[in-house]
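# Report on the structure
The residues making up each chain are set out below.
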Amino acid sequence: MFRDNFWWFHRPITTSGREGKSIRLEIISGNNLRVPSERIPTGICIYINVKSQRRWKSATRSLSSEESVAWGDTVTLSSRASRALSVEIRASYEVDRMLGSGEVIGELQMSWNKVLDHGDERFELSFPPVRGVRPSLTLKATVVHPCDDQDGGLFDSLIDNKIARDTDAGHAQFATYTTSNTIYRLNYAVQHFQSVLDQCLVGHPDHASALTNLAYARLEGYIQNDLEDIDTTTSLFREALALRPQGHPDHAFSLYNLIRALNRRYSKEPTTIYIHESAQL
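Anyway, here's the lowdown on the structure attached to this text.

The interhelical angle for the contact between helix H3 (residues 162–180) and helix H4 (residues 183–199), taken along N-to-C directions, is 155°, at an axis separation of 8 Å. Classified by the angle between their axes, H3 and H4 sit roughly antiparallel to one another. H3 and H4 meet at a crossing whose hand is left-handed. Contact with H3, carried on its side by Lys-162, Ile-163, Asp-166, Thr-167, Ala-169, Gly-170, His-171, Gln-173, Phe-174, Thr-176, Tyr-177 and Ser-180, involves Ile-183, Arg-185, Leu-186, Tyr-188, Ala-189, His-192, Phe-193, Ser-195, Val-196 and Gln-199 of H4 and no other residues of that element. Taken together, the residues of the contact of H3 with H4 break down into 10 nonpolar, 9 polar and 3 charged.

What follows is the structure, encoded as structure tokens:
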């Protein structure tokens, strides 16, 4: 993935005395932000890895119908903290509390020299293609006086626990399943999401999100005739919706997921009880 930037990544930061400088990076917008799994996200965010266990996170913004996002977020980073700019575009599936880091849309590394070669002008950072289109970010980078990189206000520590790792692994396996139609990838995704649910029992703040991720992967398997058990899937969606009543930030998405599952079941098993329940929602 990073072959094109290999030489730049290993080039020392010496051009024009840039070594050790602080760099103000503006995340202006993103285009062609197509989610690999084609799941509808609640929002898109940017991660910039600063140190081995530390990263900056942008605000999570809604994805437009043109697959674009406007950010306007700014962060000041030190080139001493990392030898290259390491960027990830991720899709979130929770409006309220985010479980894991989300599904990867694109990730890229680029040396600070190459970033700063654009001067004070806006430039486009292009990522590997997703479903036939290349995601891109419009950025602006400026060298500023050395300063602490705390002023961004959205720095956090990398979440390193089994729940987050299993969730992210589940998203990655599910995305690969939807693009390759390899059933074992679906099985891996279900296993990871089931592991998350086993760790997020009733009363856990991420219980509804864990239910939803597992149910969504199972539903896609049912639609593609790779899984037969739709009863468990609809039950998971019902339980998630019960935990997200009207007024909850994720209520609309949970409602949509359950209706979609019921409609899919009705299309295969045209029994009026399923369409009636969907209409009542």
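Picking up where we left off.
Time to look at the nonpolar core. With 31 residues, the main nonpolar core has Leu-25 and Ile-48 as its most contacted residues. Filtering out sequence-adjacent residues up to four positions away, Leu-25 remains in contact with Ile-48, Asp-73, Thr-74, Val-75, Leu-85, Val-115, Leu-139, Lys-140 and Ala-141. Residues Leu-186, Phe-193, Ala-210 and Ala-240 belong to the second largest nonpolar core, which totals 28 residues.

What follows covers the packing of aromatic side chains. Inspection of every chain in the model, using the stated rule, returns 3 aromatic pairs. Where Phe-174 meets Tyr-177, the ring centres are 6.3 Å apart and the plane angle is 35°; that geometry is what we call tilted. Of the two residues, Phe-174 and Tyr-177 are both situated in helix H3; the distance of 3 residues between them amounts to about one turn of the helix. Judged on exposure class, the residue Phe-174 and its partner Tyr-177 are both buried. Geometrically, the ring pair formed by Tyr-184 and Tyr-188 is edge-to-face, given 5.7 Å between the ring centres and 85° between the ring planes. In this pair, Tyr-184 and Tyr-188 both sit in helix H4, 4 residues apart, roughly one turn of the helix. With a relative accessible area of 37%, Tyr-188 lands in the partly exposed category. Cluster of aromatic residues (ring-pair linked, three or more members): Phe-174, Tyr-177 and Tyr-216. If you follow Arg-39 out to its NZ or CZ, it ends over the ring of Tyr-93, 4.1 Å from the centre. The aromatic ring of Tyr-216 is capped on one face by Arg-39, whose charged end is 4.6 Å from the ring centroid.

Consecutive side chains of a regular strand alternate in pointing toward one face of the sheet and then the other. Sheet topology places strand S1 (residues 22–31) next to strand S8 (residues 136–144); 9 bridges connect them, and they run antiparallel. Of the residues in S8, the one forming a bridge with Gly-30 is Leu-137. Pairing of strand S7 (residues 123–126) with S8, which is carried by 4 bridges, proceeds in the antiparallel orientation. Paired with Leu-125 across the strands is Leu-137, a residue of S8.

Quick look at the side chain of Ser-136 now. In this structure, Ser-136 sits in strand S8. When neighbours within four sequence positions are excluded, Ser-136 is seen to be in contact with Ser-29, Gly-30, Asn-31, Leu-33, Glu-124, Leu-125, Ser-126 and Phe-127.

For the rest of this paragraph, the subject is the sheet that holds strand S4 (residues 69–78). With antiparallel pairing, 4 strands are arranged side by side in an open sheet as S4-S1-S8-S7. Strands with a single pairing partner mark the edges of an open sheet, and in this sheet they are S4 and S7. Between one strand axis and the next, the sheet turns by 30° as a mean value, whatever way the strands run.

Thresholds, definitions, all that
Sequence positions are assigned chain by chain, starting from 1 and proceeding in written order. Totals for whole chains, interfaces and linings use all residues, but because this is a predicted model, local features are given only for residues with pLDDT of at least 70 and pairs of side-chain atoms are given and counted only at 80 or more. Side-chain metrics rest on all non-hydrogen atoms present in the structure, leaving aside hydrogens and water. Helix axes use the C-alpha atoms of the stretch in contact, all axes being lines fitted to C-alpha atoms, and the angles between their N-to-C directions lie in the range 0 to 180 degrees. Helix and strand assignments come from DSSP, with helices taken as H or I runs of at least 4 residues and strands as E runs of at least 2, each series counted from the N terminus. An angle below 35 degrees is read as roughly parallel, one above 145 as roughly antiparallel, one from 65 to 115 as roughly perpendicular, and any other as oblique. Less than a right angle of anticlockwise turn of the near helix away from the far helix marks a crossing as left-handed, whereas a clockwise turn marks it as right-handed. What makes two residues a contact is simply this: any of their non-hydrogen atoms within 4.5 Å. Gly is placed with the polar residues, together with every amino acid not listed as nonpolar (Ala, Val, Leu, Ile, Met, Phe, Trp, Tyr, Cys and Pro) or charged (Asp, Glu, Lys and Arg). Take the buried Ala, Val, Leu, Ile, Met, Phe, Trp, Tyr and Cys residues and link them wherever side-chain atoms come within 4.5 Å; each set so joined is a nonpolar core. Buried means the residue's accessible area, taken with a 1.4 Å probe over protein chains only, is under 20% of the maximum for its type, while exposed means over 50%, and partly exposed covers the values in between. Pairs were defined over the aromatic rings of Phe, Tyr and Trp, the Trp ring being its six-membered one, requiring ring centres within 6.5 Å. Orientation was assigned from the angle between planes: stacked under 30 degrees, edge-to-face over 60, tilted for the rest. Two conditions define a charge sitting above a ring: the NZ of Lys or the CZ of Arg must be within 6 Å of the ring centre, and it must be within 35 degrees of the ring normal. We treat two strands as partners when DSSP finds at least two bridges between them.

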